[in-house]
Amino acid sequence: MKKLDALDKKLIYYLSQDGRMPVKELVKELEITSPTLQVRIKNLLQSGVFKIAGLIDVFKIEKLFMALVAIRVIDDSKIDETLNDLAEFQEVGSVYAVTGRYDIFAEILFSNNMEELYSFMSSKLPQQGNIDYSESFVVMRSKKKWTLLPPGISL
C-alpha cells in the first residue's frame, strides 16, 4: 500500500475533478514544476494507486443499464479467487468484498435488454462455482455515479 503525501493527494484531487486539466494549470495550482508533476503522475500510475480514464454516466446512454448483484459464497476462504473470477466477466464493472449478510457485491452493466441480465444470473454466475446465493438489483437512477465502461460492453 502506497502512502500518499499532501502533494499526491492534491494532484489526485485536481485530476479527479478534471482528468484533462492542462499541465500549465496543474503546476500553477500545485506550485510545482512541470518535471515534478510528470514524475508524480508517473509514480502514481505505476504504483496502481491512480488511473486516468474516461468515465460514463450510464443513465444518459440509451439502451445501457446497471445492476448490482449481491452474492453469498460457499467457501469464505476463496473470496479473493471468487473476486478475481467475477472481475473477468465482461459485464462486471467492479466487484467488492463486503461485510454484512452478503460476501460480495458486483456492479454490472448491460446493453440492449434484460435478457443479458437473465443470462448472466442464470448461466454465467452459477458457472463460477463458489456461489451459494445471489440476488440482483436493477439500478433505476443514481446521483454522482460515473463509471468505467467494461471492455466487453458495446454502445
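Procedures and definitions
Residues numbered from 1 in each chain as written. Predicted model: local features only at pLDDT ≥ 70, side-chain atom pairs only at ≥ 80, totals over all residues. Heavy atoms only, no water. Pairing = 2+ DSSP bridges. Helix = DSSP H or I, 4+ residues; strand = E, 2+ residues; numbered from the N terminus. Axes fitted to C-alpha atoms, helices over the stretch in contact; angles between N-to-C directions. Contact = heavy atoms within 4.5 Å. Buried < 20%, exposed > 50% of the residue type's maximum accessible area, 1.4 Å probe, protein only. Arc of directions from axis to C-beta.

**Points about the sheet that holds strand E1 (residues 64–73)**
Then, number 1: Spatially, four strands are ordered E2-E3-E1-E4 in an open sheet, and the strand pairing comes out antiparallel. Single-partner strands in this sheet number two, and they are strand E2 (92–97) and strand E4 (131–139). Each neighbouring strand pair of the sheet contributes to a mean axis angle of 20°, computed without reference to strand direction.
Then, number 2: One ladder, built from eight bridges, connects E1 with strand E3 (residues 104–111); its direction is antiparallel. The residue bridging phenylalanine 65 from the neighbouring strand is phenylalanine 110, located in E3.
Then, number 3: In the packing of helix H4 (residues 79–87) onto the sheet, contacts are made with E1, E2, E3 and E4, and the angle to E2 comes to roughly 170°.
Then, number 4: Each of E1, E2, E3 and E4 touches helix H5 (residues 114–127); the most contacted strand, E4, lies at about 170° to it.

**As for H4**
Then, number 1: Looking at H4, one finds that the buried residues are Ile79, Thr82, Leu83 and Leu86. Axial view of H4: buried residues confined to an arc of 100°, hence all on one face. When the buried face of H4 is taken as reference, the exposed residues oriented beyond 90 degrees from it are Asp80 and Asn84.
Then, number 2: Buried residues along H4 sit against E1, E2, E3, H5 and E4.

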